[in-house]
Amino acid sequence: MHKRQQLDRLLRVRTLQLNLVRADEARAADKRATEADLAHRIARLAENVAPAPTEGNGFALVAAAHFRSRLHQSAEMAAARLRDAELAAERAAEATREARRDQNAIEKLMARADADAALKAIRALEAAPPIRKIRHDPC
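Residues numbered from 1 in each chain as written. Predicted model: local features only at pLDDT ≥ 70, side-chain atom pairs only at ≥ 80, totals over all residues. Heavy atoms only, no water.

**Q** Sorry, what's going on with the overall build of the chain here?
**A** A count of helical and extended segments in the chain gives two helices and zero strands. The C-alpha radius of gyration computed for the chain amounts to 33 Å, which surpasses the reference 14 Å derived for 139 residues by more than 25%, pointing to a less compact arrangement than a globule. Dimensions of the chain along its principal axes, counting C-alpha atoms only, are 125 × 30 × 15 Å. Within the chain, residue pairs in contact and separated by at least 24 positions form 87% of the contacts whose partners lie at least 6 positions apart. Split by element, the accessible area of the chain, about 11,300 Å² in all, is 58% carbon and sulfur. For the chain, the distance from the average site of its 26 positive side-chain charges to the average site of its 20 negative ones is 8 Å. (Helix = DSSP H or I, 4+ residues; strand = E, 2+ residues; numbered from the N terminus. Rg over C-alpha atoms; globule rule 2.2 N^0.38 Å. Contact = heavy atoms within 4.5 Å. Areas by Shrake-Rupley, 256 points an atom, 1.4 Å probe, with all protein chains shown as cover. Lys, Arg positive; Asp, Glu negative; His and termini not counted. Charge placed at Lys NZ, Arg CZ, Asp CG, Glu CD.)

**Q** When you look at the environment of Ile 122 in this model, what are you seeing that I'm missing?
**A** Structurally, Ile 122 can be placed in helix H2 (residues 59–127). Placed 47 residues apart in sequence, Ile 122 and Ala 75 show a C-alpha to C-alpha distance of 69 Å.

**Q** For this particular structure, what's the right way to read helix H1 (residues 2–48)?
**A** Counting along an α-helix, one turn takes 3.6 residues, and residues three or four places apart therefore face a common direction. A rise of 1.5 Å per residue sets the reference length of H1, with its 47 residues, at 69 Å; its end C-alpha atoms lie 69 Å apart and thus fit the reference within 8%. Restricting attention to buried positions, one finds in H1 the residues Leu 7, Leu 11, Leu 18, Val 21, Ala 28, Glu 35 and Ile 42. (Expected span 1.5 Å × (residues − 1). Buried < 20%, exposed > 50% of the residue type's maximum accessible area, 1.4 Å probe, protein only.)

**Q** It is not clear to me how the pattern of salt bridges should be interpreted in this structure. Could you clarify?
**A** Proximity of charged atoms lets side chains of opposite charge pair with each other. If you walk through the whole model with that rule in mind, you get eight salt bridges. The shortest N-O distance in the salt bridge between Glu 94 and Arg 97 comes to 2.9 Å. A residue pair is termed a helical-turn pair when its members lie 3 or 4 positions apart in one helix, as Glu 94 and Arg 97 do in helix H2 at three residues. Given a relative accessible area of 33%, Glu 94 falls into the partly exposed group. Linking Glu 94 and Arg 101 is a salt bridge whose minimum nitrogen-to-oxygen distance equals 3.6 Å. Owing to a relative accessible area of 45%, Arg 101 belongs among the partly exposed residues under this scheme. Via salt bridges that share partners, Arg 4, Asp 8 and Asp 114 belong to a single interconnected network. (Salt bridge = Lys/Arg side-chain N within 4 Å of Asp/Glu carboxyl O.)

**Q** What's the story with the environment of Gln 6 in this structure? I'm lost.
**A** Among the structural elements, Gln 6 can be located in helix H1. In this structure the C-alpha to C-alpha distance between Gln 6 and Leu 109, which are 103 residues apart in sequence, comes to 11 Å.

**Q** I would appreciate a short explanation of the side chain of Thr 96 in the present structure.
**A** Note that Thr 96 resides in helix H2. A distance of 2.9 Å separates polar atoms of two side chains, one belonging to Thr 96 and the other to Glu 25. Look past the residues within four positions of Thr 96 in its chain and what remains in contact with it is Leu 18, Val 21, Arg 22 and Glu 25. (Polar contact = N/O pair within 3.5 Å; in protein donor to acceptor, adjacent residues only side chain to side chain.)

Treat this as a map of the structure, not an account of what it does.
Put into structure tokens, the structure is as follows:
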């Protein structure tokens, strides 16, 4: 019975670890989606600031060029953050798979322990001497 309690405790710990890792994976996927959305918005802004023939002074062209330059820098940083978020999501997914393997191993050990206990009980019943009850009718 001591082994069963130990396996139960291990299963609780592994289940808790699996839930924590799944939460980390969900956070990483959310961050990846947020970073991808940000990169997409920056790309749309950069497309909207494309040079166009306008009347007026050259300061508007200089300002637009400066704004495009800043958007390009932001796009590069967003792409780097997106790559980092994708790597973090991949690591989190691998950690989830590993935690699930650990939990499955404990569940298999518990099933094997249950099967061994049942087999031991069957063998004990087979080895026990037969019990014969003699019933007496009321005299």
